[in-house]
Amino acid sequence: MGKRESGLFVGYLNYQHIYTLFENDKHFSHLADFEREMAYRTEMGLYYSYYKTIITAPSFLEGVQLITRDTVTEHGHEINTLNRFNLYPEVILAFLYRPFRALAKSANWQVETCWQVNRGDLRPVESCEGIGNPHYFYITGVFVVAGTVATSLFYLGVLVSDSIFGGILSVLCFAFNHGEATRVQWTPPLRESFAFPFIIGHIAILTYIIKYRKSSTAHLLLLISAAVPALLFWQFTQFAFFTQICSIFAAFSMDLVPLDTAKTIIKSHLSAFFISFVMLFGNEMMIAALYFPSIWALATVIYISPMLAGIRLRPLYLLILALIFGSITLGLKVGFSKGLGIEDDAHIFDILRSKFTSFANFHTRLYTCSAEFDFIQYATIEKLSSTLLIPLALLSIGAFSWDFLSKTSLLWRTLENEDSEYGEVIYNLVQLICSTTMAVLIMRLKLFMTPHLCITVALLANSKLLGGDKIAKTVRSSVLVGLVAMLAFRGIPNIRHQLNIKGEYSNPDQEMLFDWIQSNTKQDAVFAGTMPVMANVKLTTLRPIVNHPHYEHVGIRDRTLKVYSMFSKKPVAEVHQTMKKMGVNYFIFQLMNCSNDERKPECVYRGMWDEEDPKNSARTSLCDLWILAANSKDNSRIAPFKIVYNPNRNYIVLKI
């Protein structure tokens, strides 16, 4: 089996592994469609709802029109959800699903099998399995794309090591650390599930182009073909690409990327940006983010570098280029943000600021109190070390650094350095530094760090770092086989642990709530509540909502703050007036939302509001009023609110 076939094979194995983990966790095959919808928690349900809108519309174009002129997601506003939520994955899958169903029906293909599932005390439901089911078509699309991550890692391992053993090491490290490298198996509809495979694929293409110093139009188009989907599918891609620009800058400044190759790379980024900007209907956040300014900064560095060719002192050369790159990036960033009045990404810098200072507000608390947005946990480092991933990556970096520094002068630039090898390795190592920094600050971003650690381990298969011709090939191969055996001994238990995770999704309380909503409220009744619940309300009941979990827009952050005043200590009349102005008819309240946490009081809504609204901190919490009214069946203390749904100790519905 050659390198190309091996890469495709490991991609298929990764697809099968992800699919198995997902089925084991949810018992997805035995869920009814409405249960599957409820299983898409928080923003996952929001994204899937647009796929559902398109496939249930009279035609594909009418479905697209419904999501580009949406009045249901933010009641009172018409929004273009393609512009706001990076919904091209749903559009593409819906576009493919409709003709597939028509073709299967005309050809009389069996693409869906249905049966009745007995659920004990709950009513029996029909469960359908097969690629013809809209849920199966959707998640299969996700997992096919996600499977390519292993393919890209294999090729990256081969590229940095010049050996198929490098590809094997990368893929094995990924498999043995799978739980710390991705969460697509638990959260298929998230934007990262669609975009990251294209990001890592783009890195593989870029590594190939740097390694072999390519600069043709074909390679330019190849880079664009991977960058555009990545940018269209996830709003965070532009920050990931900003780190890539910084990594390319580092390699170019060290004279490790030829001028023509660098020009091809920067042209691809500029082209991909403008294509994506147009296809996202002029998404303002793309202009204000660091990515767009950094493209212009790197372009400036690349095109003026020939004028600085006479500078032979490397530290001076690096300092001049760094000043140019940094000043243009930051200058344009501030200029675009202030000049255009764009504040959509302001919360990102507030989050970073809150991590290193005493600064905090309601919005930063919603993020930083969640484990995935906290600093990376020690347990993660411990897991990655126990599988030998971090120790071997550090060993690779040390071996490479020794070899690189022995061949490269850090003080003087020479003409020979322009053709120096290892440009692709330096790029990937700087990219690893950027990815690790992101993961340390925000644990959720370890999906960038862990795969890059796997790529770094592949350097151990590079013969130039293992004694070159001084060590016999058989000895070198024996060392690598021993290394694989060590990795397998440490990593196979992790795979077994993942495969042993068994679960079955069930949420009868939420099911009862949605049944009540559909039976007792009008189709145009407007709902408000916590962000995770609202996404599922929109998806399953099709009722209009006023807030949702996609928090990257300044307008929705302001809306959410108003909605969450239901957990504050403000006067009842004031909060009621706020809800009325927003057009809310019903508010869904969960008792768990009013819990206390003595260890982290600032991380529950009560504490958040004491911090956000100190002038009312001495008043009685509205949480206590809602709970008292629910327990006593007396609405007098919460008038003009009225409890209209209170069957259990979980969900309560207040009528405005």
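Parameters and conventions
Residues numbered from 1 in each chain as written. Predicted model: local features only at pLDDT ≥ 70, side-chain atom pairs only at ≥ 80, totals over all residues. Heavy atoms only, no water. UniProt positions renumbered as here; feature names shortened; annotations may be inferred. Core = buried A, V, L, I, M, F, W, Y, C linked by side-chain atoms within 4.5 Å. Buried < 20%, exposed > 50% of the residue type's maximum accessible area, 1.4 Å probe, protein only. Contact = heavy atoms within 4.5 Å. Disulfide = S-S within 2.5 Å. Pairing = 2+ DSSP bridges. Helix = DSSP H or I, 4+ residues; strand = E, 2+ residues; numbered from the N terminus. Axes fitted to C-alpha atoms, helices over the stretch in contact; angles between N-to-C directions.

As annotated in an unreviewed UniProt entry, the chain is C-mannosyltransferase dpy-19 from Caenorhabditis briggsae. Under the UniProt heading Subcellular location (unreviewed entry), the note attached to the chain is "Membrane".

(A) Structural view of the nonpolar core. Phe448, Ile588 and Phe641 are the most contacted members of the largest nonpolar core, which totals 204 residues. Setting aside anything within four residues of it in sequence, one finds Phe641 in contact with Met566, Val572, Val575, His576, Met579, Trp626, Asn635, Leu654, Lys655 and Ile656. One finds Val10, Ala150, Phe154 and Val158 within the second-largest nonpolar core, a separate group that totals 5 residues.

(B) View of the state of the cysteines. If you walk through the whole model with that rule in mind, you get 3 disulfides. Each disulfide of the chain joins two cysteines, and with those cysteines numbered along the sequence the arrangement is 1-2, 3-5, 4-6. In this structure Cys434 is a free cysteine whose sulfur lies 5.7 Å from that of Cys246, the closest cysteine sulfur available. Residue Cys454 stays outside any disulfide, its sulfur separated by 5.0 Å from that of Cys173, the closest cysteine.

(C) Spatial organisation of the sheet that holds strand E3 (residues 527–529). Reading across from one edge, E3-E4-E6-E5 is the order of the 4 strands in this open sheet, with mixed pairing throughout. Each edge of the open sheet is held by one strand with a lone partner, namely E3 and strand E5 (642–645). Between one strand and the next, the sheet's axes are offset by a mean angle of 35°, whatever the strand orientation. Of the strand pairs in this sheet, E5 and strand E6 (residues 651–655) are connected by 3 bridges, and their pairing is antiparallel. Residue Ile643 lies in a different strand from E6, and its bridge partner there is Leu654. Set on the sheet, helix H28 (residues 622–632) makes contact with strand E4 (586–590), E5 and E6; between it and E5 the angle comes to about 60°.

(D) View of the pairing of E6. With 4 of 5 residues buried, E6 lies mostly within the body of the structure. Relative to E6, E4 runs antiparallel, the two being bridged by 5 bridges. Bridging across to E6, Gln590 finds its partner in Tyr651. Where E5 folds back on E6, the antiparallel hairpin that results is connected by 5 residues.

(E) Just the environment of Thr364, in detail. With respect to the element layout, Thr364 can be found in helix H17 (residues 362–368). Sequence-wise, Thr364 and Ile501 are 137 residues apart; in three dimensions their C-alpha atoms are separated by 33 Å. Discounting residues that sit within four places of it in the chain, Thr364 has contacts with Asp350, Ile351, Ser354 and Phe359.

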